[in-house]
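Overview (structure and organization)
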Amino acid sequence: MKLAVLIIGAGPAGLATAACLRQRSIPYLIVEREDCSASLWRYRTYDRVKLHLSKEFSSLPYMPHPDGTPTYIPKEEFLKYLDCYAEHFDIKPRYCTSVVSAAYDEGTSRWIVAARDTVAGTEILYAAKFLVVATGENGEGRIPEILGLESFHGEAIHSSTYKSGSGYAGKRVLVVGAGNSGMEIAYDLASHGADTSIVARSPVHIMTKGLIRLGMTFVQYIPITIVDIFIANIADFIFGDLSKYGVVRPRIGPLLLKSKTGRSCVIDVGTAGLIKKGIVKVFKGISKIIGNNVQFECGNDCEFDAIVFATGYKSTANLWLKDDKCVLNSDGRPSKGYPNIWKGENGLYFSGFARMGLAGISKDAYNIANDIVSVY
């Protein structure tokens, strides 16, 4: 099947790119391996999750959130927004279509993409002039290699399968990873009566939603380093010195850190207060696991009934994208850095890989559509 543009992935990045192409009258097809759009949001997020950025920084191209939308949008309302978005722009993904391989053919100057209809069990072959990889960085959960993990007798899960702390009351639970997911899951567990600990190996900025909203507004008019100093000082006043509890702040400011590395600060939902009260205990790193006993790098050890790995995701694009030009690194992310991470070669594009949230996704979608129009 010959196509102008093939978009792989019907999450927010794929939907945004499709909408931008439609606005420019560029024909496309969007395929998705799951049976719905935004499967990460529907199937692999915990119940209490909300967007961490305020709504003015969290819309997709050409469709702001409607009046009355909460400032920080809960999961179900965001999914309704995505469904309305797809309906408004008449985006109709071909679901249950799993890409097996994609390679550029020099002879035809097209991307040859082999896919499989997972319901019918049939093979499909596409030939696209332009290929947009919109599968994002969250293809599958990442669990680090830890000595002795296989000997753990309790439940060990990735955060993508965690839904609620309601089933963990009275249990000793270790959350590995102190990013937004880890901190929020730790709060949820403790709120449901679990004896909760968290592993925080790397330095992290802890902020309020209001501070980040303020910072993202100010940075449009004031140098980022000045904004960082301002909001970091306010955060220190609000939270105090968390280093004595095991949470260390990075040397580089929160907004600059995000722009340079993609690492987000933690938006506090109440976990910092629980850490200061000793309700949530903080450990630096795991050295090994023997049965249900977890030994930490600080020399302490504790028994746990369950471990939740909030250790992020990795892309699966490098499993099927035939990459003779080393466009992708070992984590399946584009090797080219920001700000041109969205553009590959021979009509290849990447949407949603810049670690800049929904605002970054929107920027990618605009850039990709404009670039395709210029050579279509």
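This text gives an overview of the structure that appears in the document. Note that this is a predicted model, so its numbers are computed, not measured.

Rules used in this analysis
Residues numbered from 1 in each chain as written. Predicted model: local features only at pLDDT ≥ 70, side-chain atom pairs only at ≥ 80, totals over all residues. Heavy atoms only, no water. Helix = DSSP H or I, 4+ residues; strand = E, 2+ residues; numbered from the N terminus. Buried < 20%, exposed > 50% of the residue type's maximum accessible area, 1.4 Å probe, protein only. Contact = heavy atoms within 4.5 Å. Pairing = 2+ DSSP bridges. Axes fitted to C-alpha atoms, helices over the stretch in contact; angles between N-to-C directions. Arc of directions from axis to C-beta. Core = buried A, V, L, I, M, F, W, Y, C linked by side-chain atoms within 4.5 Å. Lys, Arg positive; Asp, Glu negative; His and termini not counted. Salt bridge = Lys/Arg side-chain N within 4 Å of Asp/Glu carboxyl O. Parallel < 35°, antiparallel > 145°, perpendicular 65-115°, else oblique. Left-handed = near helix turned anticlockwise from the far one by under 90°. Nonpolar A, V, L, I, M, F, W, Y, C, P; charged D, E, K, R; others polar. Polar contact = N/O pair within 3.5 Å; in protein donor to acceptor, adjacent residues only side chain to side chain.

What follows concerns unusual backbone geometry. Of note, the phi angle at Ser25 is positive, near 60°, even though the residue is not glycine. Considering the arrangement of structural elements, one finds Ser25 in the loop between α1 (12–23) and β2 (29–31). Judged by relative accessible area, Ser25 falls into the exposed class, the value being 63%. Look at Cys96: it is not a glycine, yet its phi comes out positive at around 55°. As for its placement among the helices and strands, Cys96 is situated in the loop between α3 (75–88) and β3 (97–105). With a relative accessible area of 16%, Cys96 lands in the buried category.

Here we take up helix α7 (residues 254–261). For α7, the complete set of buried residues consists of Pro254, Leu255, Leu256 and Leu257. Looking at the buried positions of α7, the neighbouring elements they touch are β10 (206–207), α5 (209–218) and α6 (224–239). At the C-terminal side of α7, Gly262 shows a positive phi close to 85°.

It is worth spelling out the sheet that holds strand β13 (residues 286–290) at this point. Read from one edge to the other, the open sheet built from 3 strands follows the order β13-β14-β15, with strand pairing classed as antiparallel. Of all strands in the sheet, those bounded by a partner on one side alone are β13 and β15 (301–303). Here the strands of the sheet are splayed against their neighbours by 20° on average, with no regard to which way each runs. Both β13 and strand β14 (residues 293–296) contribute to a ladder of 4 bridges, which runs antiparallel. Note that in β14 the partner of Ile290 across the bridge is Asn293.

Moving on to the pairing of strand β1 (residues 2–8). For β1, a buried count of 6 out of 7 residues is recorded, marking the element as mostly surrounded by other parts of the structure. Both β1 and strand β5 (residues 122–133) contribute to a ladder of 6 bridges, which runs parallel. Bridged to Ile8 within β5 is Val133. Of the strand pairs in this sheet, β1 and β2 are connected by 3 bridges, and their pairing is parallel. Bridging across to β2, Leu6 finds its partner in Leu29.

This brings us to α5. When α5 is considered as a whole, its buried residues turn out to be Lys209, Leu211, Ile212 and Gly215. The arc enclosing the buried residues of α5, seen along the axis, measures out at 160°, which places them on a common side. On the buried face of α5, the contacting elements are β10, α6, α7 and β11 (266–267).

The next thing to look at is the environment of Leu15. Relative to the helices and strands, Leu15 resides in helix α1. Between the C-alpha atom of Leu15 and that of Pro93, which follows or precedes it by 78 residues, the distance is 8.9 Å. If we ignore the near neighbours within four places in the chain, the residues touching Leu15 are Ala10, Ile30, Leu82, Tyr85, Ala86 and Ile91.

Now for the nonpolar core. Val5, Ile7, Tyr85 and Ile91 are the most contacted members of the largest nonpolar core, which has 78 residues in total. Counting residues per element, this core draws most heavily on α1, which supplies 7 residues. Excluding anything up to four places from it in sequence, Ile7 contacts Gly14, Thr17, Ala18, Leu21, Tyr28, Leu29, Ile30, Val31, Val132 and Ala134. Core analysis: the next-biggest nonpolar cluster, separate from the first, contains 25 residues, Leu29, Ala102, Ile124 and Tyr126 among them.

Now for the side chain of Lys75. With respect to the element layout, Lys75 can be found in helix α3. As a buried residue without a salt bridge, Lys75 has its nearest oppositely charged side chain in Asp47, at a separation of 4.6 Å. Discounting residues that sit within four places of it in the chain, Lys75 has contacts with Trp41, Arg42, Thr45, Tyr46, Val49 and Lys163.

Here we come to the packing of α5 against α6. Contact geometry for α5 and α6: axes closest at 10 Å, N-to-C directions at 165°. Taken as axis vectors, α5 and α6 run roughly antiparallel relative to one another. In the packing of α5 onto α6, the handedness of the crossing is right-handed. Judged by residue contacts, Leu211, Leu214, Gly215 and Phe218 of α5 engage Val227, Phe230, Ile231, Ile234, Ala235 and Ile238 from α6.

Turning our attention to the packing of α1 against α3. Contact pair α1 / α3: the axes reach a minimum separation of 10 Å and the direction vectors enclose 30°. Relative to α3, the element α1 is oriented roughly parallel. Crossing of α1 against α3: the hand is left-handed. Along its contact with α1, which presents Pro12, Leu15, Ala16 and Ala19, the element α3 presents Leu82, Tyr85 and Ala86. Considering only residue class, the contact of α1 with α3 consists of 7 nonpolar, no polar and no charged.

Attention now moves to the environment of Arg213. With respect to the helices and strands, the residue Arg213 is situated in helix α5. Once the C-alpha coordinates of Arg213 and Phe230 are considered, the two residues, 17 residues apart in sequence, prove to be 13 Å apart. Residue contacts for Arg213: discarding those within four places in its chain leaves Ser54, Glu56, Phe57, Thr71 and Tyr72. Among the polar contacts made by the side chain of Arg213, one reaches the side chain of Ser54 at a distance of 3.5 Å.

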